[in-house]
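Survey of secondary and tertiary structure
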Amino acid sequence: MNDAVPEVVDAEPGAVEPEQAGLPPQPPDDGPAGPAPLDVPRTPTGHPEVDAHVERLADADHLTTDGHVEVYEDVHRGLRDALTALDARPGPPGPARHPATTPH
(Lines give C-alpha, C1' and ligand atoms only; values in the text may rest on other atoms or scores of the structure.)
Protein backbone atom coordinates (compact mmCIF):
# COMPACT_ATOMS: atom_id res chain seq x y z
CA MET A 1 0.00 0.00 0.00
CA ASN A 2 1.38 3.37 -0.99
CA ASP A 3 0.38 6.63 0.80
CA ALA A 4 1.87 8.84 -1.89
CA VAL A 5 -0.45 11.41 -3.45
CA PRO A 6 -0.56 11.13 -7.24
CA GLU A 7 0.86 14.10 -9.10
CA VAL A 8 -1.64 16.17 -11.10
CA VAL A 9 -0.22 16.56 -14.56
CA ASP A 10 -2.77 18.78 -16.35
CA ALA A 11 -3.35 21.41 -13.62
CA GLU A 12 -2.16 24.95 -14.18
CA PRO A 13 0.77 26.08 -12.03
CA GLY A 14 -0.52 27.74 -8.87
CA ALA A 15 -4.08 26.46 -9.43
CA VAL A 16 -6.05 25.71 -6.28
CA GLU A 17 -8.48 22.82 -6.21
CA PRO A 18 -12.06 23.80 -5.21
CA GLU A 19 -11.83 21.63 -2.09
CA GLN A 20 -8.68 23.50 -1.01
CA ALA A 21 -10.41 26.85 -1.44
CA GLY A 22 -13.29 25.73 0.79
CA LEU A 23 -15.68 25.33 -2.15
CA PRO A 24 -17.63 22.19 -3.03
CA PRO A 25 -16.35 20.28 -6.04
CA GLN A 26 -17.94 21.41 -9.31
CA PRO A 27 -19.41 18.91 -11.76
CA PRO A 28 -17.89 18.91 -15.23
CA ASP A 29 -19.41 21.44 -17.63
CA ASP A 30 -21.33 19.30 -20.11
CA GLY A 31 -22.90 22.12 -22.11
CA PRO A 32 -24.60 25.47 -21.93
CA ALA A 33 -26.22 26.54 -18.70
CA GLY A 34 -30.00 26.42 -18.48
CA PRO A 35 -32.23 29.48 -18.40
CA ALA A 36 -31.72 31.78 -15.42
CA PRO A 37 -33.70 34.83 -14.34
CA LEU A 38 -32.16 38.14 -15.36
CA ASP A 39 -33.61 39.82 -12.25
CA VAL A 40 -34.32 43.01 -14.20
CA PRO A 41 -36.55 45.22 -12.05
CA ARG A 42 -39.94 46.04 -13.57
CA THR A 43 -41.34 49.25 -12.12
CA PRO A 44 -45.15 49.49 -12.12
CA THR A 45 -46.52 52.22 -14.37
CA GLY A 46 -49.84 52.66 -12.58
CA HIS A 47 -51.77 51.43 -15.63
CA PRO A 48 -52.97 47.89 -14.85
CA GLU A 49 -53.14 46.79 -18.51
CA VAL A 50 -49.61 48.02 -19.23
CA ASP A 51 -48.28 46.58 -15.96
CA ALA A 52 -49.71 43.15 -16.86
CA HIS A 53 -47.87 43.18 -20.19
CA VAL A 54 -44.61 44.33 -18.59
CA GLU A 55 -44.89 41.56 -15.96
CA ARG A 56 -45.28 39.06 -18.81
CA LEU A 57 -41.61 39.76 -19.62
CA ALA A 58 -40.75 37.65 -16.54
CA ASP A 59 -41.91 34.59 -18.51
CA ALA A 60 -38.77 34.93 -20.64
CA ASP A 61 -36.63 34.28 -17.54
CA HIS A 62 -37.62 30.61 -17.60
CA LEU A 63 -37.15 30.04 -21.34
CA THR A 64 -34.11 29.44 -23.46
CA THR A 65 -33.18 32.35 -25.69
CA ASP A 66 -35.03 30.95 -28.69
CA GLY A 67 -38.26 31.21 -26.67
CA HIS A 68 -37.73 34.89 -25.82
CA VAL A 69 -38.91 36.13 -29.22
CA GLU A 70 -42.43 34.81 -28.69
CA VAL A 71 -42.72 36.52 -25.30
CA TYR A 72 -41.27 39.81 -26.57
CA GLU A 73 -43.59 39.84 -29.59
CA ASP A 74 -46.60 39.09 -27.39
CA VAL A 75 -45.69 41.89 -24.97
CA HIS A 76 -45.03 44.30 -27.85
CA ARG A 77 -48.40 43.44 -29.42
CA GLY A 78 -50.19 43.96 -26.08
CA LEU A 79 -48.49 47.31 -25.42
CA ARG A 80 -49.20 48.47 -28.97
CA ASP A 81 -52.88 47.52 -28.57
CA ALA A 82 -53.04 49.39 -25.24
CA LEU A 83 -51.62 52.52 -26.89
CA THR A 84 -53.98 52.19 -29.85
CA ALA A 85 -56.92 51.90 -27.44
CA LEU A 86 -55.93 55.23 -25.89
CA ASP A 87 -56.33 56.90 -29.29
CA ALA A 88 -59.71 55.24 -29.86
CA ARG A 89 -61.29 56.24 -26.56
CA PRO A 90 -63.84 59.00 -26.91
CA GLY A 91 -62.65 62.17 -25.30
CA PRO A 92 -64.61 65.24 -24.36
CA PRO A 93 -66.72 66.54 -27.21
CA GLY A 94 -65.14 69.25 -29.34
CA PRO A 95 -66.58 72.74 -29.55
CA ALA A 96 -69.93 72.81 -31.27
CA ARG A 97 -70.32 74.99 -34.33
CA HIS A 98 -73.12 77.43 -34.35
CA PRO A 99 -75.33 76.69 -37.37
CA ALA A 100 -75.61 80.36 -38.31
CA THR A 101 -71.84 80.77 -38.45
CA THR A 102 -70.20 80.09 -41.76
CA PRO A 103 -66.46 79.99 -42.21
CA HIS A 104 -65.02 82.81 -44.34
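Check the entry above for the structure.
This part covers the overall build of the chain. Secondary structure assignment for the chain yields two helices and zero strands. Buried positions account for 11% of the 104 residues belonging to the chain. A separation of at least 24 residues holds for 31% of the contacts in the chain among residues at least 6 apart in sequence. Carbon and sulfur atoms provide 59% of the accessible area of the chain, an area that totals close to 9500 Å².

Turning next to helix 2 (residues 65-88). The α-helix winds at 3.6 residues per turn, so residues separated by three or four positions along the chain end up facing the same way. With 24 residues, helix 2 should cover 34 Å at 1.5 Å per step; its first-to-last C-alpha distance of 35 Å lies within 8% of that length. For helix 2, the full list of buried residues reads G67, H68, V71, V75, G78 and A82. Close packing links the buried residues of helix 2 with helix 1 (48-56).

Turning our eyes to something else, we now look at the side chain of D61. Mapped onto the secondary structure, D61 falls in the loop between helix 1 and helix 2. Look at D61: it is buried, it has no salt bridge, and the nearest opposite charge is R42 at 4.4 Å. If near-sequence neighbours (up to four positions away) are discounted, D61 is found in contact with P35, A36, P37, L38, D39 and R42.

Their axes nearest at 9 Å, the elements helix 1 and helix 2 cross at an angle of 170°. Classified by the angle their axes make, helix 1 and helix 2 are roughly antiparallel. On helix 2, the residues touching E49, V50, H53 and R56 of helix 1 are V71, D74, V75, G78, L79 and A82.

Next up on the list: the pattern of salt bridges. Pairs can form between side chains of opposite charge once their charged atoms are near each other. Scanning the entire structure with this criterion turns up four salt bridges. The salt bridge involving R42 is made with E55; its shortest N-O contact spans 3.9 Å. Pair noted here: R42 is in the segment before helix 1 and E55 is in helix 1, with a separation of 13 residues, a long-range link. With a relative accessible area of 44%, E55 lands in the partly exposed category. The partner of D59 in a salt bridge is R56, and the shortest N-O contact between them spans 2.7 Å. Looking at D59, the relative accessible area reads 37%, which means it is partly exposed.

Checked against the element boundaries, H68 lands in helix 2. H68 gets classed as buried once you look at its relative accessible area, which sits at 15%. Within the structure, H68 has its side chain in polar contact with the backbone oxygen of L63 (distance 3.3 Å). If we ignore the near neighbours within four places in the chain, the residues touching H68 are A60 and L63.

Analysis parameters
- Residues numbered from 1 in each chain as written.
- Predicted model: local features only at pLDDT ≥ 70, side-chain atom pairs only at ≥ 80, totals over all residues.
- Heavy atoms only, no water.
- Helix = DSSP H or I, 4+ residues; strand = E, 2+ residues; numbered from the N terminus.
- Buried < 20%, exposed > 50% of the residue type's maximum accessible area, 1.4 Å probe, protein only.
- Contact = heavy atoms within 4.5 Å.
- Areas by Shrake-Rupley, 256 points an atom, 1.4 Å probe, with all protein chains shown as cover.
- Expected span 1.5 Å × (residues − 1).
- Lys, Arg positive; Asp, Glu negative; His and termini not counted.
- Salt bridge = Lys/Arg side-chain N within 4 Å of Asp/Glu carboxyl O.
- Axes fitted to C-alpha atoms, helices over the stretch in contact; angles between N-to-C directions.
- Parallel < 35°, antiparallel > 145°, perpendicular 65-115°, else oblique.
- Polar contact = N/O pair within 3.5 Å; in protein donor to acceptor, adjacent residues only side chain to side chain.

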